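Descriptive structure summary
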Amino acid sequence: VHPASPESVDVTTAAPVAVDAHPATWRRPALFGSRGRQRLAVLAAVLYLAWSLIDLDIDFARVLAGFPRAVDILVRMVPPDFSRRELLVNGMLESVQMALAATLAGALLAVPLALAAAGNLAPRPVYLAARGFIVLGRTLHEVIIAIFFVKLFGFGAVAGLLTLAFASAIFLSKMLAEDIENVRLGQVEAVRATGAGFGQVVVYAIVPQVLPRAMGVLIYRLDANVRHSTVIGIVGAGGIGQTLSASFSRYDYDFSAAILLSIIALVALGEWLSDWVRRRLR
Amino acid sequence: MSDAVAAPGAAARHPRVWRRRSRRASLLAWLWTAILAAAAAWSVSALDIEWAFFADAHEQAADLATRMWPPRWSYLPRVVGPLIETIHIATVGTAIAVVFSVPVAFLAARNTTANGFTWAIGRALLVGSRSVNTVIWGLIFVAIFGPGPVAGIAAVAARSVGFLAKLVAEAIEEADRGQVEAIEAVGASTAQVYLVGILPQVMPVLIGTTVYRWDINVRESSVLGFVGAGGIGIHLYASINQFAWQQVLIVLLAILAVVIVSEAVSARIRSRLS
């Protein structure tokens, strides 16, 4: 190995050198095209940070007081209290059930919506209406949707199920519509040339092309629904989130820790399972 | 599911009728469908659904819609401040996450982590951060910092670290060895190799992912107020609890506008990056 000369090692804090005079030391290339622009970007970032900190009116004394409290909460979280197993298992089970049922309900709802939102199949007005609906539905957070379903159907798992089904239908139909739009037209024409109607074209030319990817997306959504099912309970839409929220408001931190660990385990397992299935589908 | 693949046995016998799947494949497809249907049936029956609620749901929904109309435009100026706070929470939270995600990514990437133990720590941080939803992080940080935007910022940062670090760690594992070896050959220390040999290679991924996560975070921040972690969510929650439905519509429209704009901005920046 060559002994390094001091200049070449000093790459991180290179001295400023005039650009036109063949620099003797190497300088890290600028991030945003030129040095001037990089400086401008850094300046803008600093200014923004200053503005946001002033605007947010942060009470730093309170933030500092939070750190000992965090330690206190952590200490009270150890050891996690798994003794109320029934409450924990029921909540987790309810979350999984909501996720499962919602994924399938969402898939059923997504099929007509996707057909309507596919530019190459649906008439223009139908297409625009479906796309508009999808954009609106995607924008609102699941928790916002959940709070409306809670208002309509009361507290409990039904509101959660409907929330997740709605969100799944929107997500799945968006993905499915894009797949349908990317379908190879040759097969569609071939089936159409045999005199097939709209339904037969869908079944024999489009479904076989989009099904493998759609299954992958469906599994992905199931995984996503398991994640979301753990949070919509915060507004009373059932599942483990409701149990977690209650335990926090009772300062029951050792039980909260048990719930959090269970959620992490469930989500990690779901993600691993979904990855495994999708790898096999490919 | 491999459709359209004819079984070898069927091809040899020259079937008279065309079938999309072999007997085995179609049996498997039916089996999977049956398992899924059974799982769904089990879930629905276990959830104890009160079907009576569905009977008048459409009336309730129509009632809600009429109560929301017309939107109370006079409320709009009052949501501007909380909207800006929402964006601040998302932006500052994302910025903090970027700072923390780089070391976590180096820890969680197989080729840059020090040993099996540090790798396990990195992976545990990724899984822990990503598995807990932003709103649940909000619940935790409200207990720590008290209600307000600080808890929201911490929640956004806590959730985003894992998201960013996971993708950056994958990019680090796929980084070009040649550049790393070149930097090593001039006698650079490990830190210098990471900083000069690897970080520039993963920079596009880091920036692209950050911008993408930022627009997700704007959406997430819109509900952080539900658990008291600042932003517009508290106004939505309060308006709903006061049955001030015309106010609710204003807040919803405001959230809609901010989320759509931030998504468009993020998509534009990302398309210019690539």
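Every value quoted in this text rests on a predicted model; they were computed, and no experiment measured them.

1. Some words on the overall build of chain A
Within chain A one finds 11 helices and 0 strands. Element order for chain A, N to C, with α for helix and β for strand: α-α-α-α-α-α-α-α-α-α-α. Its C-alpha atoms give chain A principal-axis dimensions of roughly 75 × 60 × 45 Å. Across the 282 residues of chain A, 46% fall into the buried class. For chain A, contacts bridging at least 24 residues in sequence account for 70% of all contacts bridging at least 6. When the accessible surface of chain A is split by element, carbon and sulfur atoms take 67% of a total near 15000 Å². Here chain A carries 25 positive and 20 negative side-chain charges, and the mean point of each set is 6 Å from the other.

2. A look at the overall build of chain B
The number of helices and strands found in chain B is 12 helices and 0 strands. Overall, chain B shows an N-to-C arrangement of helices and strands of α-α-α-α-α-α-α-α-α-α-α-α. Referenced to the eigenvectors of the C-alpha coordinate spread, the extents of chain B come out at roughly 70 × 70 × 35 Å. Buried positions account for 48% of the 274 residues belonging to chain B. Of the roughly 13700 Å² of accessible surface on chain B, a fraction of 67% belongs to carbon and sulfur atoms. Taking the average place of the 21 positive charges on the side chains of chain B and the average place of its 16 negative ones, the gap between the two points comes to 9 Å.

3. With respect to the packing of helix α5 (residues 76-108) of chain B against helix α6 (residues 116-131) of chain B
Residues and elements named next belong to chain B. At a minimum axis distance of 7 Å, the contact between α5 and α6 shows a crossing angle of 130°. Comparing their axes, α6 and α5 come out oblique. Crossing handedness for the pair α5 and α6: left-handed. Contacts from Val 104, Leu 107 and Ala 108 in α5 reach Thr 118, Trp 119, Ile 121, Gly 122, Arg 123, Leu 125 and Leu 126 in α6. Of the residues assigned to the contact of α5 with α6, the class counts are 7 nonpolar, 2 polar and 1 charged.

4. With respect to helix α3 (residues 60-77) of chain A
Over its 18 residues, α3 of chain A runs 25 Å from end to end, which matches the ideal 26 Å to within 8%, given 1.5 Å per residue. At Phe 67 of chain A, α3 of chain A shows its strongest bend, of approximately 25°, with the proline Pro 68 of chain A following within four residues. Burial in α3 of chain A covers these residues: Val 63, Gly 66, Ala 70, Ile 73 and Met 77 of chain A. Looking at the packing, one finds that the buried side of α3 of chain A touches α10 (240-249) and α11 (253-281) of chain A together with α7 (134-145) and α8 (149-173) of chain B. N-cap assignment for α3 of chain A: the residue whose side-chain oxygen lies 3.3 Å from the backbone N of Ala 61 of chain A is Asp 59 of chain A.

5. So, the confidence of the model for chain B
Residue and element names in this part refer to chain B. Overall, the prediction assigns chain B a mean pLDDT of 87, with 95% of residues at 70 or greater. For chain B, per-element mean pLDDT is lowest for helix α1 (residues 8-12), which scores 53, and highest for α8, which scores 94. Both confidence scores are given for the complex: pTM 0.84, ipTM 0.82.

6. A look at the packing of helix α6 (residues 142-153) of chain A against helix α11 (residues 233-241) of chain B
Between α6 of chain A and α11 of chain B, whose axes approach to 12 Å, the crossing angle comes to 5°. Relative to α11 of chain B, α6 of chain A is oriented roughly parallel. Facing α6 of chain A, whose interface residues are Ile 144, Ile 147 and Lys 151 of chain A, α11 of chain B presents Leu 236, Tyr 237, Ile 240 and Asn 241 of chain B. In the contact of α6 of chain A with α11 of chain B, the residues fall into 5 nonpolar, 1 polar and 1 charged.

7. Brief notes about the environment of Ile 49 of chain B
Summarising the element assignment, Ile 49 of chain B is placed in the loop between α2 (23-46) and α3 (52-55). Not counting residues within four places of it along the chain, the set of residues in contact with Ile 49 of chain B comprises Val 158 and Leu 161 of chain A together with Val 44 and Phe 54 of chain B.

8. Examining the pattern of salt bridges
Scanning all chains against the criterion turns up 19 salt bridges over all chains. Notably, a salt bridge pairs Arg 130 of chain B with Glu 271 of chain A, separated by 2.4 Å at the nearest N-O pair. Of this pair, Arg 130 of chain B sits in helix α6 while Glu 271 of chain A sits in helix α11, on two different chains. Both residues of the pair, Arg 130 of chain B and Glu 271 of chain A, count as buried. Between Asp 275 of chain A and Arg 278 of chain A there is a salt bridge, with its nearest N and O atoms 3.0 Å apart. Here the residue Asp 275 of chain A and the residue Arg 278 of chain A both occupy positions in helix α11, the gap between them amounting to 3 residues, near one helical turn. Residues joined in a network through salt bridges with shared partners are Asp 81, Arg 84, Arg 250 and Asp 252 of chain A.

9. A closer look at the confidence of the model for chain A
Looking at chain A, the pLDDT average stands at 85 and 93% of residues meet or exceed 70. Here residues 1-11 of chain A scores under 50 on pLDDT; set against residues more than four positions off or in separate chains, the count is 10 contacts.

10. Some details on α6 of chain B
Taking 1.5 Å of rise per residue, 16 residues should cover 22 Å, and α6 of chain B covers 22 Å from first to last C-alpha, within 8% of that figure. The set of residues buried in α6 of chain B consists of Thr 118, Gly 122, Leu 126, Gly 128, Ser 129, Arg 130 and Ser 131 of chain B. Where α6 of chain B is buried, its residues meet α9 (198-229) and α11 of chain A together with α5, α7 and α8 of chain B. Where α6 of chain B begins, one side-chain oxygen reaches toward the backbone nitrogen of Phe 117 of chain B, 3.0 Å away; that side chain belongs to Asn 115 of chain B.

11. Observations concerning a nonpolar patch on the surface
Among the surface-exposed residues, Leu 269, Trp 272, Leu 273 and Trp 276 of chain A lie close enough to one another that they form a single nonpolar patch of about 450 Å² accessible area. Locating Leu 273 of chain A in the fold gives a position in helix α11.

12. A few points about the packing of aromatic side chains
Any pair of aromatic rings gets described here by the distance separating the centres and the angle formed by the planes. All chains considered together, the criterion is met by 13 aromatic pairs over all chains. Both rings, one in Phe 67 of chain A and one in Phe 145 of chain B, keep their centres 5.7 Å apart while their planes meet at 80°; by these two values the pair is edge-to-face. Placement of Phe 67 of chain A in helix α3 and of Phe 145 of chain B in helix α7 is noted, with the two residues assigned to different chains. Arranged with centres 6.0 Å apart and planes meeting at 40°, the rings of Phe 163 of chain B and Tyr 212 of chain B form a pair that is tilted. With Phe 163 of chain B in helix α8 and Tyr 212 of chain B in helix α10 (residues 190-224), this residue pair connects regions lying 49 residues apart in the sequence. Looking at Tyr 212 of chain B, the relative accessible area reads 35%, which means it is partly exposed. An aromatic cluster of three or more residues is present, and its members are Phe 67 of chain A together with Trp 137, Phe 141 and Phe 145 of chain B.

13. As for the environment of Pro 149 of chain B
Along the polypeptide, Pro 149 of chain B turns up in helix α8. As a C-alpha pair, Pro 149 of chain B and Leu 224 of chain B span 75 residues in sequence and 8.9 Å in three-dimensional space. Among all residues touching Pro 149 of chain B, those that are not within four sequence positions of it are Leu 56 of chain A together with Glu 85, Ile 89, Ala 229 and Gly 230 of chain B.

The rules behind these values
- Residues numbered from 1 in each chain as written.
- Chains lettered and ligands numbered in written order.
- Predicted model: local features only at pLDDT ≥ 70, side-chain atom pairs only at ≥ 80, totals over all residues.
- Heavy atoms only, no water.
- Helix = DSSP H or I, 4+ residues; strand = E, 2+ residues; numbered from the N terminus.
- Buried < 20%, exposed > 50% of the residue type's maximum accessible area, 1.4 Å probe, protein only.
- Contact = heavy atoms within 4.5 Å.
- Areas by Shrake-Rupley, 256 points an atom, 1.4 Å probe, with all protein chains shown as cover.
- Lys, Arg positive; Asp, Glu negative; His and termini not counted.
- Charge placed at Lys NZ, Arg CZ, Asp CG, Glu CD.
- Axes fitted to C-alpha atoms, helices over the stretch in contact; angles between N-to-C directions.
- Parallel < 35°, antiparallel > 145°, perpendicular 65-115°, else oblique.
- Left-handed = near helix turned anticlockwise from the far one by under 90°.
- Nonpolar A, V, L, I, M, F, W, Y, C, P; charged D, E, K, R; others polar.
- Expected span 1.5 Å × (residues − 1).
- Bend = angle between axes of the 7 residues up to and from the residue.
- Polar contact = N/O pair within 3.5 Å; in protein donor to acceptor, adjacent residues only side chain to side chain.
- pLDDT = per-residue confidence, 0-100.
- Salt bridge = Lys/Arg side-chain N within 4 Å of Asp/Glu carboxyl O.
- Patch = residues over 30% accessible without salt bridge, like charges linked within 9 Å, V, L, I, M, F, W, Y side chains within 5 Å.
- Phe/Tyr/Trp six-rings, centres within 6.5 Å; stacked < 30°, edge-to-face > 60°.

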